[in-house]
Amino acid sequence: FFSVSLPFCASMRPYDEQRFLQQMRSAMATLRNVLERTKNPELASEVPHEYEDKYLAAEFLTNTAIVAVVNGLASIGMTSDATTKLIALNKGSPVSLRFASQETCKYLRETTRDVESATSVETEKTSTLFGRERTTTEKKTTKLITKVTEHFWDFEYTFEVCAFQGTNSAEKLRLCSRTGKTEIKTSTKKTPRPEVSCITPFDVNISYLLDYLNAELQPTFRIDRSANACHTPRRNPEVDNTLAFCGRLFSWCTEVCEYFTQRLFQVQQNHGLDLASLSTVGVFVPVVPTFMGPNLPSVQSNDEPTKPEASSSTALTVPVGASVTAVLPSVADLNRYLSEQQRGLAERFQRLATVFPTDSGLITVEECRVVVVVQHLQQLCQGYADGVGHLEDLMAKQLVAAIGKVVTPAHFAEYMQFHYRKLFRQAYEPRAFCYAVRRPAHYPEGTLAIEAEAPGGGMPEPIHTLVHTADAAERPMYFSIDAATKVQFTGEHFVHGYVLHKFSGTSGAQLHLVARARQFSSFLVLVGRIQSRDVFDPTFACILQNKDEIKIPLELEQIPTPKEFRDAIESLSPEQQRFARAIRAMQLEGTLFGICVVQIKPQLERLLRLPPDSLTKEIQLTQDLMELFIKYQVPSDLLTACDDGAPTPGPVEAVAAVKGHVAEMKAMIAHARRAELEEAAEEYVRDELQSQSTDDRSEDLSDLLDDAEAFRSVPKAFKKSAPRGAGLLQVCRSAAAPVARSAPRMMMKRAAADP
C-alpha cells in the first residue's frame, strides 16, 4: 500500500524572487529545446527594452495563461465545441464550473472464517520404570484456531464536472463524469461511511475566462493604458481582475484535488498503487515572462506560426490593435510554448495509463487524470501571478537603481520642499514650523516647533507648512480658564496648512509638539482647538521655565472625504443622514488645531502695575514672583507696586516697592515655616516621651525641656545633627527639618496666610 502527501495550498503564494528564479532556470532549459536554435530567451532584466514592452509582456503573459487554462480544461472534457457553447451562454448570465460527487455505502454480506495461528509446543514426559527414571520427549504441536467474522460493504461514488448558466444547474453541460465502486471490509457491523453522502458542490465562476475568448477561441486581452486606474503593467484593473480569477480557480482546484487524494483514495484498501506518480513533473508551464535576446548564429529562423498538436487546442494570436516588438517572443514562439504544454500533458496521461487501472475501482486513470489537470491549473495560476509580479518587481528595482536608494515618505517630503522652492515665490514658500518665543527687540525666551519623526528613526525635523500671518490687534480672541473667567488675548496669528505624505501600507511620520525654554525664561503654552473666529478652546496648558522641555505626540485622526461621506450616507434614512451631517459639522469645526503662547514677564509687569521691561533684568525678583504665584498662590494685590487709584510711581520706585512686598511675604512665609517646623518637632518629642515608662517622664512638659533625662530620651541621630552643647530645644529644632517633610502641606499654607 503506497500513499503520498501532496503539498496543498488554499491560496496562491505571494511573489518570491528566489522561488521564481529557480522555476525560470528550469523553464529556460525547456525553452531552448522547444524554440529554434537562433532564439535566445532571457529574463526581462537581461534584455534592454522600453516601458511599453512591459505592457506588451503583461498582455502576452495573460493571453498565454488564458489559452493554457482552456487547454488544461480541455483535458477533462471542455472541448472546443463545449467552449463555444459556453461562450454563447456567457452572453446572458455568468457561467460557472462545478465539481459534484455523491457517495453511497450499502451492506453486502457477512462471512465467517477460521484463522489458524501456527504455534508449536514441545513437551517432555518423565516416567519411572523399576526405580529408574526415564525421560522421553514427545513433540506436540498446538494450533490456535480463531473464528473471525468479517463484514463487507459496497461503496459506490459518482463524480461529474459540469458547467451551467447562472443558477440553473438543472440545465447543465456535462464535461466529464464517472462511477466507481469498491468493497470495504470491517470487523464490526458498523458502517464505515455514511449510507448516502452528497458532497457540497465546488463551484467557480469562469465568465472572466470566457469574456476574453472570441468566436474563434482566440484570446483578446488588452490593458487600457488610458484609464485613470492604470498605473503600471501590473497595477491596473485588467490584471487585477485576472489575478482575482486565478485566485478563485486556484482554490477550486485545491478543493477538487483534496477530495480525491485526501478523501476518496483513502477508501480503497490495499490497492497497491503508486500515488506518487500523481504529479505534474515533465508538464511545461507556458506562462513565463521571457524576452528575446540577440539571435544566436545558426540557420535562418522560420517564424511561421506553429499549430498546437492536439486537435482541441486553442492557438494564440496577436490581439487587435496590439503591437509586437523585437524583444518579445513572437506569436509562433508562444504557440510552441502551448504545444509543449499539451505534449507534456499527453505524455503524463500515457504514464498514468501504465500505472493505474481502468477497472471499476475508485483509483483509476480517469480520477488520476482529473487530479493531474487541476494540479497543472494551479501551476498556471501561480505562474501567472509570479510572472506579473516579476514585471512589477523588475520595474521597482530599476527605479531604485536609477535613484540610488529606496524612496521613503521622508525622502518624498524632502523632494516636495525642493519642488516648492521652484513653484512658489519666496514670500509664499512653505516655512519650517519652528518659532522663537520672544518680544520685539528682546532675546528669545524659548522655541516652539512641530517636528516629524520618520517611522524608521532618524533626527526629527520641523515640518514645512504654508503660512498666513495676520496681526489681530483689532480682533481679539478669548479663551476660558473656568466657567467664571474669560481671558482676552491679542497678538500675531499664524494659520498653517500642512500636507502629510505617506505611502500605502505605511503609518507615516509621527508628529510631536516640542517646546523648549531657556535659562531664567518662562512662558505658557496652551494647546486646544479653534471653535470659532474668536474663541480658542484650550485642552492642555503647561508653564515652561528654566530649561524645561516638553514633547507632546500629536495623534492625527482622518475623517472621511466629502465624496466618501456622501457615498456612506447615501443609503441611510433621512433621520440618520441628518444626524450624520450634524456630527460631521461638529467634527469639521473642531478639527482646527490651535496653539497659544503667552509670555509671562509682560503679563507680570502688567499685573503688578510695573512699567514695561521692568522685570527684564530682575532675574531673582522674577523667580521669587513665580514661586509665590505658583507654589504659594499668593494674591496679586499683596505684591502690586501701587493700589488702584493711587499715582503710578517711577520705574525704579515701582520695582523697589514690589521687591519690598516680596521680601515681606517671603519673611512671613519663612517665619510661618519655622513655627510650623518647631511645632512639628515638639510633637515628635512629645510622642517620644510618651512612649517611655512612667518613671522616666515628668508631669509637666515645660520642666522636661531642661531635664537631663528628657535630653537623653532624644534619638542619637538628632543629637549628632545638633551643635555641641545644645539643649533639648536646639536638638529638636535641628531635627525639625526631616520631621517637617512629613507635615501636611496645608499646614504650611495656613501658617503663611496667617497675618
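All values derive from a computational prediction rather than experimental measurement. (Residues numbered from 1 in each chain as written. Predicted model: local features only at pLDDT ≥ 70, side-chain atom pairs only at ≥ 80, totals over all residues. Heavy atoms only, no water.)

A.B. asks: Before we move on, can you summarise a negative patch on the surface with the specific residues and values?
C.D. replies: Taken together, the side chains of E679, E682, E683 and D687 make up a negatively charged region of the molecular surface. Mapped onto the secondary structure, E682 falls in helix α13 (residues 651-690). Note on E682: relative accessible area 39%, which makes it partly exposed. (Patch = residues over 30% accessible without salt bridge, like charges linked within 9 Å, V, L, I, M, F, W, Y side chains within 5 Å. Areas by Shrake-Rupley, 256 points an atom, 1.4 Å probe, with all protein chains shown as cover. Salt bridge = Lys/Arg side-chain N within 4 Å of Asp/Glu carboxyl O. Lys, Arg positive; Asp, Glu negative; His and termini not counted. Charge placed at Lys NZ, Arg CZ, Asp CG, Glu CD. Helix = DSSP H or I, 4+ residues; strand = E, 2+ residues; numbered from the N terminus. Buried < 20%, exposed > 50% of the residue type's maximum accessible area, 1.4 Å probe, protein only.)

A.B. asks: Talk me through the sheet that holds strand β17 (residues 492-497); I want residue IDs and the actual numbers.
C.D. replies: Taken in spatial order, the three strands make up an open sheet running β10-β14-β17, and their pairing is antiparallel. The sheet is open, and its two edges are formed by β10 (431-432) and β17, each paired on a single side. Sheet analysis places strand β14 (residues 464-471) next to β17, joined by six bridges and oriented antiparallel. By the bridge assignment for β17, L466 is matched with G497. (Pairing = 2+ DSSP bridges.)

A.B. asks: Before we move on, can you summarise the sheet that holds strand β22 (residues 593-599) with the specific residues and values?
C.D. replies: For sheets, the rule is that strands pair by backbone hydrogen bonds, running either parallel or antiparallel. Spatial ordering of the open sheet is given by β20-β19-β22, a layout of three strands whose pairing is antiparallel. Looking at the sheet topology across the chains shown, the edges are occupied by β20 (536-545) and β22. Averaged over all neighbouring strand pairs, the angle between strand axes comes to 20°, with direction disregarded. Sheet topology note: the strand β19 (residues 522-530)/β22 ladder contains seven bridges and is antiparallel. Bridging from a neighbouring strand, L526 pairs with C596 of β22. Running at roughly 55° to β22, helix α11 (residues 600-607) makes contact with β19, β20 and β22 of the sheet. (Axes fitted to C-alpha atoms, helices over the stretch in contact; angles between N-to-C directions. Contact = heavy atoms within 4.5 Å.)

A.B. asks: Explain the side chain of D154 to me, and be specific about the residues and the numbers.
C.D. replies: If you trace the backbone, D154 turns up in strand β5 (residues 144-165). With no salt bridge to any partner, buried D154 finds its closest opposite charge in K181, at an N-O distance of 4.5 Å.

A.B. asks: So what's going on with the nonpolar core? Residues and values would help.
C.D. replies: Residues L97, F99, W252, F260, L278, F356 and Y384 are the most contacted members of the largest nonpolar core, which totals 91 residues. With 15 residues, helix α7 (residues 365-403) is the single largest residue contributor to this core. (Core = buried A, V, L, I, M, F, W, Y, C linked by side-chain atoms within 4.5 Å.)

A.B. asks: Tell me what's going on with a nonpolar patch on the surface, and back it up with residues and numbers.
C.D. replies: A contiguous nonpolar surface patch, about 600 Å² in accessible area, is contributed by L399, I403, V407, F412, Y415, F418 and F503. Those elements giving two or more residues to the nonpolar patch turn out to be α7 and α8 (409-423). For the nonpolar patch, the element with the highest residue contribution is α8, accounting for three residues. Mapping V407 onto the fold places it in the loop between α7 and α8. Residue class for V407 comes out partly exposed when judged on its relative accessible area of 32%.

A.B. asks: Outline helix α1 (residues 17-34), listing residues and values.
C.D. replies: Here α1 is 18 residues long and its end C-alpha atoms lie 25 Å apart, about the 26 Å a rise of 1.5 Å per residue gives. When we look at burial in α1, the residues that qualify are R19, F20, M24, A27, M28 and L31. The buried residues of α1 occupy an angular sector of 165° when the element is viewed end-on, so they sit on one face. In α1, the exposed residues that point more than 90 degrees away from the buried face are Q18, Q22, R25, S26 and N33. The secondary structure elements touched by the buried residues of α1 are β1 (41-43), β9 (290-292), α6 (331-355) and α7. (Expected span 1.5 Å × (residues − 1). Arc of directions from axis to C-beta.)

A.B. asks: Let's hear about the confidence of the model for the protein: which residues, and what values?
C.D. replies: When pLDDT is averaged along the protein, the result is 83; 83% of the residues meet or exceed 70. Looking over the protein, one finds the lowest element-wise mean pLDDT in helix α18 (residues 745-753), namely 39, and the highest in strand β8 (residues 202-205), namely 95. Predicted confidence for residues 1-8 stays below pLDDT 50, and this span has 20 contacts to residues more than four positions away or in other chains. This stretch, residues 735-755, has a pLDDT under 50; its non-local contacts, to residues over four places away or in other chains, come to 20 contacts. (pLDDT = per-residue confidence, 0-100.)

A.B. asks: Before we move on, can you summarise the environment of N40 with the specific residues and values?
C.D. replies: By the element assignment, N40 lies in the loop between α1 and β1. In sequence terms N40 and N295 are 255 residues apart; their C-alpha atoms lie 5.8 Å from each other. Apart from the residues within four sequence positions on either side, N40 is in contact with R32, F291, M292, G293, P294 and L296. Among the polar contacts made by the side chain of N40, one reaches the main-chain carbonyl oxygen of P294 at a distance of 3.4 Å. (Polar contact = N/O pair within 3.5 Å; in protein donor to acceptor, adjacent residues only side chain to side chain.)

A.B. asks: An account of the packing of α6 against α7 is requested, with residue identities and associated values reported.
C.D. replies: In contact at an axis separation of 10 Å, α6 and α7 are set at 150° when each is read in the N-to-C sense. By the angle between their axes, α6 is roughly antiparallel relative to α7. In terms of crossing hand, the pair formed by α6 and α7 is right-handed. For the pair α6 and α7, the contacting residues are Q341, L345, R348, F349, L352 and A353 in the first and V365, C368, R369, V372, V373, H376 and L380 in the second. For the contact of α6 with α7, the residue count by class is nine nonpolar, two polar and two charged. (Parallel < 35°, antiparallel > 145°, perpendicular 65-115°, else oblique. Left-handed = near helix turned anticlockwise from the far one by under 90°. Nonpolar A, V, L, I, M, F, W, Y, C, P; charged D, E, K, R; others polar.)

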